[in-house]
Structure formats: C-alpha cells, structure tokens
Amino acid sequence: MDNPNIMAIIICLSIPACFHIFSRRKKRILYLSLYSALTIFALIILECRTAFIGLLFISIIVAGKVIGLNIIPRFRYKLFFVIPVFLIFCAFLFSLHLKKQNSSDSRLTIWSIASNMISAKPVFGYGYGQFQKEYNLQQAEYFNTETHTEQERINAGFTTTCYNEYIQHAIMGGIIGCSLLLALMVSLIHVGWKNRNKQYIPLAGIVAFAVMSFFNFTIESPPIFFMFVIYASILIGNTADPSRPIYNSLHKKIIVAGLFIAFAFIVTSLQKYNAQKELAYINDLIFKKELEKADYPLHSIEPKISTSEAFYRIKARHYILKQDYINALKAIETSLKYTSAPSVLLEKAQLDEKTGNLAAAESCYKLVCGIEPHLFKPRVMLMEMYLRNNNIENARIIAHEITSMNPKVNSEKVTKYKEFASEIVKLSSTN
C-alpha cells in the first residue's frame, strides 16, 4: 500500500483472525507472543494512531472473552474493569494527540468546517462523490473570510477525505445517509454482542472498524472495507437460525433483482474501463502533439466518460495546444463540476486571464489561496497577474501577505518568493 495508514489499519483488522488461528495451535503461547511482538512493532513503524485505537478495542474484546470478564454476573464488579480501561483509553488518546500535534489539529479543523457543512444541508447532503469538491470550497471560504489561527493556516491543505466516515457520510448523504451507516454498524455490533461467547472474533473486527471510522478513512479504502465485509459475513452467517428456511419467494426475487443490477453494473464498468484505456491512448497522442490524430477519438469517447474530471483536463490540454482557449476554458469549467483541485483551479485562472476575464481569474487564485493557505505559489501567481495588468496596489497587498507569512517548511523556493515579494513592496512604495 502506498499509504502507511491503510497498511496499518489492515494489519490491525487482521489481528482478531490471526489470534483465532494461532490460539488453536499446540504451541499457542509461543505463536501468540511472537505474532503480538511483530504486530506491535509493525504498527509502531507505521505510526498510525487510528490502528492503535483499533488495537485497544480489539484487545478489550479478546481479553474480555479470554479471562471471562464478559460473564461477570454483577454490574458493580464490571465497573472495576470499565473505569480503568476508560481512563487508560483517554490517556492513550491524549498521548497520540501529542505525538502528531499538527496532524491532530488539522483534523479538528476539518471536522469543524465539515460540521458547518452538515448544518447547511442536513437532510440530503451534497451528494455522494461530492465531498472533495464541496469541502475544499468551504475550506477556501473559511480561510479567506473567517478568523483563523496561524497554526490552522499552516496545517491546512487540499483535502480529499474527512478522516471520519460518519461525518463524511453526513455531508454526502445528509442525516439519511449517516443514519443508514450508523444503523449498519449498530445492528452488526448488536448481533455480535448477543452471541459474544461464540462470535467474539468477528465482533472484535467489526467494533475495531466502527471505532477507527471515527478517526480515519475506512469505507473510502476498498482493501479496508473488504476486510469489514468478511467479518460482517462471518458474523451474520454464524448467527443464522438453522431451523428456519434460508430463502422464501421474496428472498429469491430480491436475489434475481440483485444479480440483474450487478450484471448491469459490470457491463457499465467495463465500458468505462475501455473508455479509460482509450483516454490513456489519447493522452499519449496529445503528449506527442499529434493533435489531429487525437481529435476524433477525443470526441467519440465523451458520452462514455462524461463524469471524468481527468477527461476534461486532457480535453482542455488538447485545446490549449491548438491555442483554442475558449473551448479549453469550457472543458476546464466542466471539470470543476466534479473537483475543486487546486491544479484545475489554477489552469482555469490562467485561461480566464488569457480570455480577458480578470475577475474570474482573480477569484480562482483566491480560492486556491484558501484551499492551500500555507502555500506561497498561488499568492505569487496572483501577484504576478496583478503586475501584468498594472494593478500595482493589489500586487502590493499580496506582496505584504507573502512577506509576513510563516512557511510550513523553509526552502529555497520560499526564500525566492519572499525576496520577489519584498522587491514589489519596495517598488510600490517608491512609486
């Protein structure tokens, strides 16, 4: 996995199953000790706090089964277990927060902005697949108009996930979507808890997944979600009542309908896959500047790939090379229906300037400054646009911002940007 968080969460979710396998061996103590040491060592190397939180809950459930805490008859005795575990968990969370303070603070900022989005569209949300686009626009508005701390500015950046599946589903699907997700988790945990004496292994996996979903992306990652599906399947399959018939006429109708939908989905996916292959070929032609050869296939695949942001970016590049900036701008504007990526907004700003729409170009540059508030480059590009169009006063204002900004990481580029901005400040004050 290219992301250490995904790898760490997968390792964490494998723990209940591996514990079950090794505990059935003859030399179980040796196997379990070695496995535990290697697992903890791997998680320490990967430095994923979410995985440690999942590990804590898995440990509680497994330990509760192994040492019999789940069958203590009196509630007051359970308190001697629950209260220390709760205090240890709070201390554990606090230590994890301190370990990666900047990352923790950035997530708090994301959750704060996201909560305002939920209150704006609480019932139906913004639509599935729209989180990245809508969230970053809200973040830009926050950093461009609201009061924020310097630390928030430095930690913020282009965001593709909320790092909390429940909040993200509330944004995309509103209360309805979030309620369905919560109902799924609660119902699985309820079934597992009712049968905890024989189902504690899949229960531990489900609980870990549900808890880790509060702090990271899980459903958004297919390998992680696949592990959840395995545990859910085992949990449901093992708790089915063997005395009841598995299928009735309604079940059979649902299965047939499901198979039909699945078949239609597969056919559509294959069409999109072929269109993506054609798009890669077209992109190669454009890269080689064989523009005439790319014309027909570029237009012919559009109906099959009309919701792809990448397609419209490639189409825009095709028109830019032909110096057809009007059509290039139309392609980029279509792309922005599906994304608010800074790179796409910067392309639009440059095309707006080429076509004479300076107000639109200025708006795009300011959006990028809000989405990536710690970056110097978009501000420098905005300042350069002002200079090209003899807007010295606004160029000076941006130059002052650049000289007063603290960099997230010092670099040679940042030094050059600050020197350039200082020259603009001096030049404007002399004039």
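Residues numbered from 1 in each chain as written. Predicted model: local features only at pLDDT ≥ 70, side-chain atom pairs only at ≥ 80, totals over all residues. Heavy atoms only, no water.

*Asks:* So, the packing of aromatic side chains: which residues are in play, and what are the values?
*Replies:* In total, this model carries 10 aromatic pairs according to the counting rule given. Relative to Tyr 135, the ring of Phe 131 has its centre 5.4 Å away and its plane inclined at 15°; by these criteria the two rings are stacked. Highlighted residues: Phe 131 and Tyr 135, both in helix H6 (residues 131-145), separated by 4 residues, approximately one helical turn. Here Phe 131 falls in the buried class, since its relative accessible area comes to 2%. Following the ring pairs from residue to residue traces out a cluster consisting of Phe 22, Tyr 31 and Tyr 35. Across the ring face of Tyr 31, the terminal group of Arg 25 is positioned such that the distance to the ring centre comes to 5.5 Å. (Phe/Tyr/Trp six-rings, centres within 6.5 Å; stacked < 30°, edge-to-face > 60°. Helix = DSSP H or I, 4+ residues; strand = E, 2+ residues; numbered from the N terminus. Buried < 20%, exposed > 50% of the residue type's maximum accessible area, 1.4 Å probe, protein only. Lys NZ or Arg CZ within 6 Å of the ring centre and 35° of its normal.)

*Asks:* Hey, could you go over the layout of surface pockets for me, with residue numbers and the actual values?
*Replies:* The volume enclosed by the second largest pocket comes to roughly 330 Å³. What lines the second largest pocket is a set of 17 residues, and nearest its centre among them are Ser 106, Ile 110, Asn 155, Thr 159 and Tyr 163. Per element, the largest residue contribution to the lining of the second largest pocket is 6 residues, and it comes from helix H5 (residues 101-120). Looking at the lining of the second largest pocket residue by residue, the classes come out as 4 nonpolar, 11 polar and 2 charged. (1 Å grid on protein atoms, 1.4 Å probe; cavity = no way out; pocket = protein on both sides within 12 Å on 5 of 7 lines; lining within 4 Å. Points joined across faces, edges and corners; volume = space filled by probe spheres on them. Nonpolar A, V, L, I, M, F, W, Y, C, P; charged D, E, K, R; others polar.)

*Asks:* An account of the pattern of salt bridges is needed here, citing residue identities and associated values.
*Replies:* Inspection of every chain in the model, using the stated rule, returns 15 salt bridges. A salt bridge links Glu 134 to Lys 133, with the shortest nitrogen-to-oxygen separation between them at 3.8 Å. The partner of Glu 278 in a salt bridge is Lys 304, with the nearest N and O atoms 3.9 Å apart. On the criterion of sequence distance, the pair formed by Glu 278 in helix H11 (residues 249-287) and Lys 304 in the loop between helix H12 (291-300) and helix H13 (309-321) is long-range, its members being 26 residues apart. For Glu 278, a relative accessible area of 30% corresponds to the partly exposed category. Residue Lys 304 is classed as partly exposed on the basis of its relative accessible area of 42%. Here the salt bridges share partners, and the residues they tie into one network are Glu 309, Arg 313 and Glu 347. (Salt bridge = Lys/Arg side-chain N within 4 Å of Asp/Glu carboxyl O.)

*Asks:* Account for the packing of helix H15 (residues 342-354) against helix H16 (residues 358-371), naming residues and giving values.
*Replies:* It is at 7 Å that the axes of H15 and H16 come closest, and there the two elements cross at 160°. Considering their axes alone, H15 and H16 lie roughly antiparallel with respect to each other. Crossing of H15 against H16: the hand is left-handed. Side by side, H15 and H16 meet where Pro 342, Leu 345, Leu 346, Lys 348, Ala 349, Gln 350, Asp 352 and Glu 353 of the first sit next to Leu 358, Ala 360, Ala 361, Cys 364, Tyr 365, Leu 367, Val 368 and Ile 371 of the second. A breakdown of the residues in the contact of H15 with H16 according to their chemical character gives 12 nonpolar, 1 polar and 3 charged. (Axes fitted to C-alpha atoms, helices over the stretch in contact; angles between N-to-C directions. Parallel < 35°, antiparallel > 145°, perpendicular 65-115°, else oblique. Left-handed = near helix turned anticlockwise from the far one by under 90°. Contact = heavy atoms within 4.5 Å.)

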